[in-house]
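Commentary on secondary and tertiary structure
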Amino acid sequence: LLLRVLDTDGKNREKIMFGIGIPELIVILLIAFVVVGPDKLPKMARTLGKGLYEIRRATEGVREEIEKEGERIDSELEEASQYLKEEEKGGTPAGEKTGQP
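Residues numbered from 1 in each chain as written. Predicted model: local features only at pLDDT ≥ 70, side-chain atom pairs only at ≥ 80, totals over all residues. Heavy atoms only, no water.

**Some details on the overall build of the chain**
In terms of helices and strands, the chain carries two helices and three strands. Secondary structure elements of the chain occur, N-terminal to C-terminal, as β-β-β-α-α. Looking at the 101 residues of the chain, the share that counts as buried comes to 4%. Residue pairs in contact within the chain that sit at least 24 positions apart in sequence constitute 0% of those at least 6 positions apart. Put simply, the chain shows about 9200 Å² of open surface, and 61% of that area lies on carbon and sulfur atoms. (Helix = DSSP H or I, 4+ residues; strand = E, 2+ residues; numbered from the N terminus. Buried < 20%, exposed > 50% of the residue type's maximum accessible area, 1.4 Å probe, protein only. Contact = heavy atoms within 4.5 Å. Areas by Shrake-Rupley, 256 points an atom, 1.4 Å probe, with all protein chains shown as cover.)

As structure tokens, this is what we get:
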């Protein structure tokens, strides 16, 4: 999440995702503290963390399914390619019977 960025003035500064630096993050947290209040802020942060965790888990499952499907399609394309190569050579494709005794 943290990236070291060399600013134009030559100083190293830490940046958080979306170009938000540490000072901006502190201001956001202070505003949240004032708006939500000190009693509800930890519960709200916990709820937000759990929600982000669930989103990450769900997207990971979708990504895995897409990768599996891509691998299946690749294997089917490879089989079709082998079949066509055998057809071009004039031979019988692998796994097929010629129909002769």
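**Looking at a negative patch on the surface**
On the surface, a cluster of negative charge is contributed by Glu 71, Asp 74, Glu 78 and Glu 79. Considering the arrangement of structural elements, one finds Asp 74 in helix 2 (residues 41-89). (Patch = residues over 30% accessible without salt bridge, like charges linked within 9 Å, V, L, I, M, F, W, Y side chains within 5 Å. Salt bridge = Lys/Arg side-chain N within 4 Å of Asp/Glu carboxyl O. Lys, Arg positive; Asp, Glu negative; His and termini not counted. Charge placed at Lys NZ, Arg CZ, Asp CG, Glu CD.)

**As for helix 1 (residues 22-36)**
Taking 1.5 Å of rise per residue, the 15 residues of helix 1 would be expected to cover 21 Å, and the 21 Å separating its terminal C-alpha atoms lies within 8% of that figure. Of the residues trailing helix 1, Gly 37 is marked for its positive phi of about 100°. (Expected span 1.5 Å × (residues − 1).)

**Considering the pattern of salt bridges**
Tallied over the entire structure, the rule returns five salt bridges. For Arg 63, the salt bridge is made with Glu 60, and the minimal N-O distance between the two is 2.2 Å. Separated by three residues within a single helix, Arg 63 and Glu 60 lie in helix 2, roughly one turn from each other. Of the residues examined, Arg 63 reaches a relative accessible area of 38% and is grouped as partly exposed. You can call Glu 60 partly exposed: its relative accessible area is 31%. A salt bridge links Arg 72 to Glu 69; the shortest N-O distance between them is 2.3 Å. Highlighted residues: Arg 72 and Glu 69, both in helix 2, separated by three residues, approximately one helical turn. Bridged by salt links that share partners, the residues Glu 60, Arg 63 and Glu 67 form one connected network.

**Points about helix 2**
Along its 49 residues, helix 2 runs 72 Å from first to last C-alpha, staying within 8% of the 72 Å computed at 1.5 Å per residue. Within two residues after helix 2, Gly 90 carries a phi angle of roughly 90°, on the positive side.

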